[in-house]
Every structure is written in structure tokens, then in C-alpha cells.
Amino acid sequence: MTIAIQCAIPQELAVLRAELDHRESVEIAHFRFDHGRLFGRDVVLVGTGIGKVNAAVVATHLIDRFGAKTIVFSGVAGGLDPALAIGDVVIAERLIQHDFGWFEEERLNPYQPGHLPFFLPTERFGYSLAPDTQARIAAALEGLALEPMAAEAGGGGRPPRIVFGTVVTGDQYVNCEATRRHLFEVHGGHAAEMEGAALAQVCEMHGVECVVIRALSDLAGHSSRIDFNAFVEAVSQSSARIVERVLPVL
């Protein structure tokens, strides 16, 4: 069974591509799909670029062209939960698109993609990781200790934490303290990124499993641009180590 792995940016992709026992590459719509063995599993590895549309397009190709039955998104994100630090890893047990919904009185009311309360209404909001998959991942990660981040990342020299939580997705990079607080307080978001929930939407349509793994490169506040550039390569290593541990159980 082929497992597909998507990464958004070159720093994320490079770590996994260096470990890939490469067999062949196929280019579709300017995306390079690398087929080979990774950590003992048959995989297709691809860089999507940034954003929800790119993630959805690539996921569709992975399912239709390569027969992927599980798609893993490995990469970085901005931290929203004040209890988390740069370098911590969030595995999405729930994914939501915080920028889909309807505007009323200058306020966005988020809603389940593909629905509106006055057209195809639904009580659902978000996409959840299957409980049995979460249990297998948790068991695979038991005892794993990631490399501590540098002191300037603010982690205090402790090994990064690995948590399951809510990851929010939108086509905006969050470099704003007020928005960070809003996404945490309103949605209970642990991390913010730009692809995961769109991937989950496509996977649900096709009956394909979706696993999103995000290491925190910044804390989505006013200094997130600086922190992202400083720590993206280091935390990409952490995300890849998680992939290495969970691939055998997917």
C-alpha cells in the first residue's frame, strides 16, 4: 500500500528526500513526485508549495495517479497554545479551515467547507483523526525524545513536547499577536498552518486517511517571521523524526 508524504516548503522536503531510497520521479503540473522507499515503506514524496489549493491539487494527484491510501503532511507551523514552545510538535487530531465561512456585520463566521448554514447546513466543523490511527501513532511515539532546541528558541533546554491537538488552516501566514490569541481562544487551536485541513477535505472525499504532523517553527505572534527563518530547518528535522517513527504503523 503506497503512503504519500507532502511537504510545503524546501526545508521540510529536503530532510525526507535525503533519506529516500529513490526509484523514479514524475512531474505533473510542475510538481515533482518522487517514488521510492523511506524508512522501510513504499512512498511517494512531493513538495506542494504553500497554501490550500496547492495541497488539494497535489493530494488529488496522489490519490488518482499513485493510488495513495494514506497521505501524511510533514512540516512546520506557528504555535497558538501559550503552553507550547518553538520545537514542540503537534499531531492533528482535528483540522479546521478557519478562513472558510460567511461574513456578516464585518465579521467572519467560520463554517464547514462546502456548506453554509442557509445552504447545505451541517453540525460538523472540522476533520478528525481516526481514534485507532491516533492510538497507533501514540504507541509508536512512546519514549521518543527529540533533540532540545537552542536556548534562543525559548525551550529552556528541555526536549520538545509531542502533543495531539487542533490544527487550524488558512491561506494567511499569521504574524499577529491578536490573531494568534483569537485562533487559540475561539477555535482551541494548538498550531496554525496553510495546508492541512484542505488536505483533510480531499482525503475525506476519497476515503483516504490523512495524518498531519507539524513542528512549531514560531509562535505566530509579532516576531514569527524572524523566528520562522531562524528555526525552520531545525524543527523540520523534528517533524521528519516523527514521520520515521509513525510510518510503520500507518
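You'll find the structure just up there.
Reading the values: rules and limits
Residues numbered from 1 in each chain as written. Predicted model: local features only at pLDDT ≥ 70, side-chain atom pairs only at ≥ 80, totals over all residues. Heavy atoms only, no water. Helix = DSSP H or I, 4+ residues; strand = E, 2+ residues; numbered from the N terminus. Buried < 20%, exposed > 50% of the residue type's maximum accessible area, 1.4 Å probe, protein only. Contact = heavy atoms within 4.5 Å. Axes fitted to C-alpha atoms, helices over the stretch in contact; angles between N-to-C directions. Parallel < 35°, antiparallel > 145°, perpendicular 65-115°, else oblique. Left-handed = near helix turned anticlockwise from the far one by under 90°. Nonpolar A, V, L, I, M, F, W, Y, C, P; charged D, E, K, R; others polar. Phe/Tyr/Trp six-rings, centres within 6.5 Å; stacked < 30°, edge-to-face > 60°.

Asks: Quick question: what am I supposed to make of unusual backbone geometry here?
Replies: Negative phi characterises most residues that are not glycine, and trans characterises most peptide bonds. One non-glycine residue with positive phi stands out, namely E105, at about 50 degrees. Phi is positive for L120, close to 55 degrees, though the residue is something other than glycine. Positionally, L120 belongs in the loop between β8 (107–110) and β9 (127–128). The exposure class of L120 is partly exposed, given its relative accessible area of 48%.

Asks: Looking at this model, I keep getting lost on the environment of E209. Mind explaining?
Replies: Inspection of the secondary structure assignment puts E209 in strand β12 (residues 209–218). Counting along the chain gives 140 residues from E209 to K69, while the straight-line C-alpha distance between them is 6.4 Å. Excluding residues within four positions of it along the chain, E209 makes contact with K69, T70, I71, A130, T133, R136 and C203.

Asks: I would appreciate a short explanation of the packing of helix α2 (residues 52–64) against helix α5 (residues 196–206) in the present structure.
Replies: Interaxial distance between α2 and α5 falls to 8 Å at its minimum, and their mutual angle equals 30 degrees. One finds that α2 runs roughly parallel with respect to α5. The way α2 lies across α5 gives a crossing that is right-handed. Of the residues in α5, those touching α2 at K52, A56, A59, T60, I63 and D64 are A198, L199, V202 and H206. Considering only residue class, the contact of α2 with α5 consists of six nonpolar, two polar and two charged.

Asks: What should I look at first to understand the packing of aromatic side chains in this one?
Replies: The geometry of an aromatic ring pair is captured by the separation of the ring centres together with the interplanar angle, meaning the angle of the planes. Using the criterion set out here, one finds three aromatic pairs in the structure. With a centroid separation of 6.2 Å and 80 degrees between ring planes, the pair formed by Y173 and F228 is classed as edge-to-face. A residue pair is termed long-range when its members are at least 10 positions apart, and Y173 in the loop between β10 (162–169) and α4 (177–187) and F228 in helix α6 (residues 224–246) qualify at 55 residues. Note on Y173: relative accessible area 39%, which makes it partly exposed.

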